[in-house]
Amino acid sequence: MKKVWLASACLFALAAPASAADLAARPYTKAPVAMASVYNWTGFYLGIVGGGAWENGSGDPKMKGGFVGGTAGYNWQTGNVVFGVEADGAWADVSASAAGTVFVAGVGGIPASLSSKTDAMGTVRGRIGWAVNNVLFYGTGGYAWIDNKLTATLGGLSVSDSKFHSGWTVGAGVEAFFAPQWSVKGEYLYRSLGGETYFGGAIPTGTLNLHTVQVGVNYHFGGPVVAKY
């Protein structure tokens, strides 16, 4: 019996390598290629914007202050070129004032002041830029407006008049996606607003030129990220 078991064990040991050799080779599986994210800027977006403005000129006082508001726009992308239209409107506190004394015969000197304050401002612009995946470099230009108020004070009396100024703007900026549907931008605009006449022609104003620097955050609808192998 021991001889039978010994013979069987030797036979199994010899047959095992042959059986392993007869097994089919394991097929080779190619590792999957990692996906790269390519950003497509086409689509509608809404956002918030805020910044600072100061008057361009050599005289004093100069208007300066800040603003905050909203923006809306649409982009079209073809290749790396991005075309767009954008409109923004903001509440503003951009102002300047001058004070002095008016001498009235028989009365003497009376304190007087004149102040100018822009309460609102905005633009409607075209944009054209070059996209490098999730970063967009662009130039922009178009229509600009402000709602401005002059207030004249003489002693205890004060009168005000508001006018709507229209003009043009030109500038440049950079915008970048930091999440699939969110982008942040920084922008410089030069705004030139035409003069108006206040208080029935008593006080004409010249052209108002403003430098503005603003930052904004936009939400893009439609999912601008495209997965590409």
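Residues numbered from 1 in each chain as written. Predicted model: local features only at pLDDT ≥ 70, side-chain atom pairs only at ≥ 80, totals over all residues. Heavy atoms only, no water.

K.L.:
Looking at this structure, I do not really get the pattern of salt bridges. What am I missing?
P.N.:
Pairing between side chains of opposite charge can happen when the charged atoms of each approach one another. For the structure on display, the rule yields nine salt bridges. Between Lys 117 and Asp 93 there is a salt bridge whose closest N-O contact spans 4.0 Å. Taken as a pair, Lys 117 in strand S5 (residues 108-132) and Asp 93 in strand S4 (residues 81-104) lie far apart in primary sequence, 24 residues in all. Residue Lys 117 is classed as partly exposed on the basis of its relative accessible area of 33%. For Asp 93, a relative accessible area of 44% gives the class partly exposed. In this structure, Lys 185 and Glu 187 form a salt bridge, with 3.9 Å as the shortest nitrogen-oxygen distance. (Salt bridge = Lys/Arg side-chain N within 4 Å of Asp/Glu carboxyl O. Helix = DSSP H or I, 4+ residues; strand = E, 2+ residues; numbered from the N terminus. Buried < 20%, exposed > 50% of the residue type's maximum accessible area, 1.4 Å probe, protein only.)

K.L.:
Even after reading the chapter, I still don't get the environment of Phe 164, so can you show me in this structure?
P.N.:
Within the secondary structure, Phe 164 sits in strand S7 (residues 157-179). Given the relative accessible area of 45%, Phe 164 is considered partly exposed. Placed 32 residues apart in sequence, Phe 164 and Glu 196 show a C-alpha to C-alpha distance of 8.0 Å. If we ignore the near neighbours within four places in the chain, the residues touching Phe 164 are Tyr 143, Trp 145, Ile 146 and Glu 196. (Contact = heavy atoms within 4.5 Å.)

K.L.:
Can you help me understand the packing of aromatic side chains in this one?
P.N.:
Where two aromatic rings form a pair, the distance of their centres and the angle of their planes describe that pair. In total, this model carries eight aromatic pairs according to the counting rule given. Ring centres of Phe 44 and Phe 221 lie 5.7 Å apart, and the angle between their planes is 25 degrees; this geometry places the pair in the stacked category. Here the residue Phe 44 occupies a position in strand S2 (residues 43-55), and Phe 221 occupies one in the loop between strand S11 (208-220) and strand S12 (225-228), the gap between them amounting to 177 residues. Residue Phe 44 is classed as partly exposed on the basis of its relative accessible area, which comes to 37%. By way of ring pairs, the aromatic residues Phe 44, Trp 182, Tyr 219 and Phe 221 are connected into one cluster. (Phe/Tyr/Trp six-rings, centres within 6.5 Å; stacked < 30°, edge-to-face > 60°.)

K.L.:
Please explain a nonpolar patch on the surface as it appears in this structure.
P.N.:
Residues Trp 76, Phe 83, Val 85 and Ile 128 make up a contiguous nonpolar surface patch of roughly 390 Å² in combined accessible area. Counting through the fold element by element, Phe 83 comes out in strand S4. (Patch = residues over 30% accessible without salt bridge, like charges linked within 9 Å, V, L, I, M, F, W, Y side chains within 5 Å. Areas by Shrake-Rupley, 256 points an atom, 1.4 Å probe, with all protein chains shown as cover.)

K.L.:
Would you explain the confidence of the model for the protein chain in this entry?
P.N.:
A low pLDDT means the predicted coordinates there should not be read in detail. Residue-level pLDDT values for the protein chain average 85, and 79% of them are 70 or greater. Overall, residues 1-23 carries pLDDT values under 50, and its contacts beyond four positions in sequence, including any with other chains, amount to zero contacts. (pLDDT = per-residue confidence, 0-100.)

K.L.:
Quick question: what am I supposed to make of the pairing of strand S8 (residues 182-193) here?
P.N.:
Sheet faces and side chains relate simply in a regular strand, where the side chains alternate between the two faces. Bridge count for S7 against S8 is 12 bridges, and the pairing is antiparallel. Of the residues in S8, the one forming a bridge with Ala 172 is Tyr 188. Where S7 folds back on S8, the antiparallel hairpin that results is connected by two residues. (Pairing = 2+ DSSP bridges.)

K.L.:
Looking at this model, I keep getting lost on the nonpolar core. Mind explaining?
P.N.:
Taken as a class, soluble globular proteins show a tendency for nonpolar side chains to be buried jointly. Counting 13 residues, the largest nonpolar core has Phe 67, Met 121, Leu 193 and Leu 208 as the members making the most contacts within it. Counting only elements with at least two residues in this core, the list comes to S4, strand S6 (135-154) and S11. Per-element accounting of this core gives the leading share, four residues, to S4. (Core = buried A, V, L, I, M, F, W, Y, C linked by side-chain atoms within 4.5 Å.)

K.L.:
Which parts of the structure should I look at to understand the environment of Ala 120?
P.N.:
Looking at where Ala 120 falls in the secondary structure, it is placed in strand S5. Sequence separation of Ala 120 and Asn 148 is 28 residues, and the distance between their C-alpha atoms is 7.4 Å. Other than its neighbours up to four places away in sequence, Ala 120 contacts Ala 90, Ala 92, Trp 145, Ile 146 and Asp 147.

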